[in-house]
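Listed below are the residues making up each chain.
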Amino acid sequence: MNSHALQQLREYLNSQIIGQSELVNQLLVALLADGHILVEGPPGLAKTRAVKSLADCIEGDFHRIQFTPDLLPADLTGTDIFRPETGEFTFQAGPIFNSLILADEINRAPAKVQAAMLEAMAEKQITAGRNTYKLPELFLVMATQNPIEQEGTYPLPEAQLDRFLIHLDVKYPDATSELEILRLNRGEAKGENGFTPPTLSQADIFAARQSVLDIHMAESIEQYIIRLVMATREPAKYDDTLQQWLEMGVSPRATIALDRCARAHAWLNGRDFVSPEDVQAMVFPVLRHRLLLSYQAQAEGIHPNQVISKLLSLVGSA
């Protein structure tokens, strides 16, 4: 499959989600790299609209799950229901059995729900009672976190954060984009939205994923990825400041994610090879949520982006 259909999809999404091109690009990267995305940003920045617009273009079901402190695992996975007419239990599937899931404010759910979510994201399956059920082959979770409110939230465990392919910080749009949003909303209220969403079958998605895996990556690029990852684990070899900032480096999942995402980024940009720029473009969303900062770094207000910038300045691509 060529990238033309995905380019049409990107153009359509950018027409529907104004001023959030980075969110659109990362959604497509996650789709092509077969991974999940964690989005952090204030309310009202089109996070839900982005996933709904993507779902409109892809063969598959979409479901939004609002995570709350009183949510139970069965509310997510489904449960066995007793049927008096047959005298047997039958499984009633929950909302997780959809291809595209929006997990809204995922950090509001308690530990048992997070454990069920972790199994779904890591294994593409859920366990209810004594039985295990497979999820759809096309399965993408986009989870949101609100950075403003902390009351009634549960920080996501590191093991679950590691299952997210990428983490994206969504920012407010600029004034020009804000005006376009205003006009788009007014046009939709009048029923004047003339954009026709393109349609991609699941076969198209799987073919595109295979094309992404076939992208050429030179050994020097592979070594560049390894050096970046190893620098998070052995920062003392590179810089004293980096050592003071990092408590723990990233896991091999980060290496795999950086490889897959760099390939997807190159493919989306119409190239059949991966360049150092592809790795550099994806290193922030791939590593941002995986780095464990030291208490000193947290006390100094160091953001993971600063650590990653330091990494890029210390680790050469050549």
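Numbering of residues begins from 1 in every chain and follows the order in which that chain's sequence is written. At least 70 in pLDDT is required for a residue's local features to be given in this predicted model, at least 80 for side-chain atom pairs to be given and counted, and no such filter applies to totals for whole chains, interfaces and linings, which use all residues. Hydrogen atoms and water are omitted, and side-chain values are computed over all heavy atoms in the structure.

Secondary structure elements follow DSSP: runs of H or I of four or more residues count as helices, runs of E of two or more count as strands, with numbering from the N terminus. To estimate the expected span of a helix, subtract one from its residue number and multiply by 1.5 Å. In this model, helix α8 (residues 202-213) (12 residues) spans 17 Å end to end at C-alpha, consistent with the 16 Å of a helix rising 1.5 Å per residue. Only protein chains enter the accessibility calculation, which uses a 1.4 Å probe; a residue whose area is less than 20% of its type maximum is buried, one above 50% is exposed, and one in between is partly exposed. Those residues of α8 that fall on the buried side of the exposure criterion are Ile205, Ala208, Arg209, Ser211 and Val212. Mapping the buried residues of α8 onto a view down its axis gives an arc of 160°, with all of them on the same face. Two residues qualify as a contact provided that any one of their heavy atoms is within 4.5 Å of a heavy atom in the partner residue. Buried residues along α8 sit against α1 (4-16), α2 (21-32) and α11 (252-268). Regarding the arc, it is the one traced by the directions from the helix axis to the C-beta atoms.

Pairing of aromatic rings covers Phe, Tyr and Trp, the last through its six-membered ring, and needs centres within 6.5 Å; plane angles under 30 degrees mean stacked, over 60 mean edge-to-face, and all others mean tilted. This structure, assessed with the given rule, holds 3 aromatic pairs. Ring geometry for Phe91 against Tyr133: centres 4.0 Å apart, planes inclined by 10°, an arrangement best described as stacked. Residue Phe91 is located in strand β4 (residues 88-93), and its partner Tyr133 is located in strand β7 (residues 131-134); the two are separated by 42 residues in the primary sequence. Taking relative accessible area as the criterion, Tyr133 reaches 21% and is therefore assigned partly exposed. For a lysine, the NZ atom is tested; for an arginine, the CZ atom; a charge sits over a ring if that atom is within 6 Å of the ring centre and within 35 degrees of the ring normal. Against the face of Phe273 rests Arg271, its NZ or CZ located 5.7 Å from the ring centre.

Let's shift gears to the sheet that holds strand β9 (residues 164-169). Here a strand pair is declared whenever DSSP counts at least two bridges between the two strands. Spatial ordering of the open sheet is given by β2-β5-β8-β1-β9, a layout of 5 strands whose pairing is parallel. Edge positions in the sheet fall to β2 (62-66) and β9, since each of these pairs with one other strand and no more. Along the sheet, successive strands turn relative to each other by an average axial angle of 15°, direction set aside. The pairing of strand β5 (residues 100-104) with strand β8 (residues 140-145) spans 4 bridges and is classified as parallel. Each bridged residue has a counterpart across the sheet, and for Ile101 the counterpart in β8 is Val141. Note on method: axes are straight lines fitted to C-alpha atoms, helices fitted across the in-contact stretch only, with angles between N-to-C directions ranging 0 to 180 degrees.

The next point concerns the pattern of salt bridges. Whenever a carboxyl oxygen of Asp or Glu lies within 4 Å of a side-chain nitrogen of Lys or Arg, that contact is scored as a salt bridge. Summed over all chains, the structure comprises 11 salt bridges. Across the pair Asp34 and Lys124 runs a salt bridge whose closest N-O atoms are separated by 3.1 Å. Highlighted residues: Asp34 in the loop between α2 and β1 (36-40) and Lys124 in the loop between α5 (111-123) and β6 (125-128), separated in sequence by 90 residues. In this structure, Arg64 engages Asp104 in a salt bridge whose closest nitrogen and oxygen atoms are separated by 2.9 Å. You can see Arg64 sitting in strand β2 and its partner Asp104 sitting in strand β5, a full 40 residues away along the chain. Among the residues examined, Arg64 registers a relative accessible area of 37% and is labelled partly exposed. When salt bridges that share partners are traced, they join Asp34, Lys124 and Arg209 into one network.

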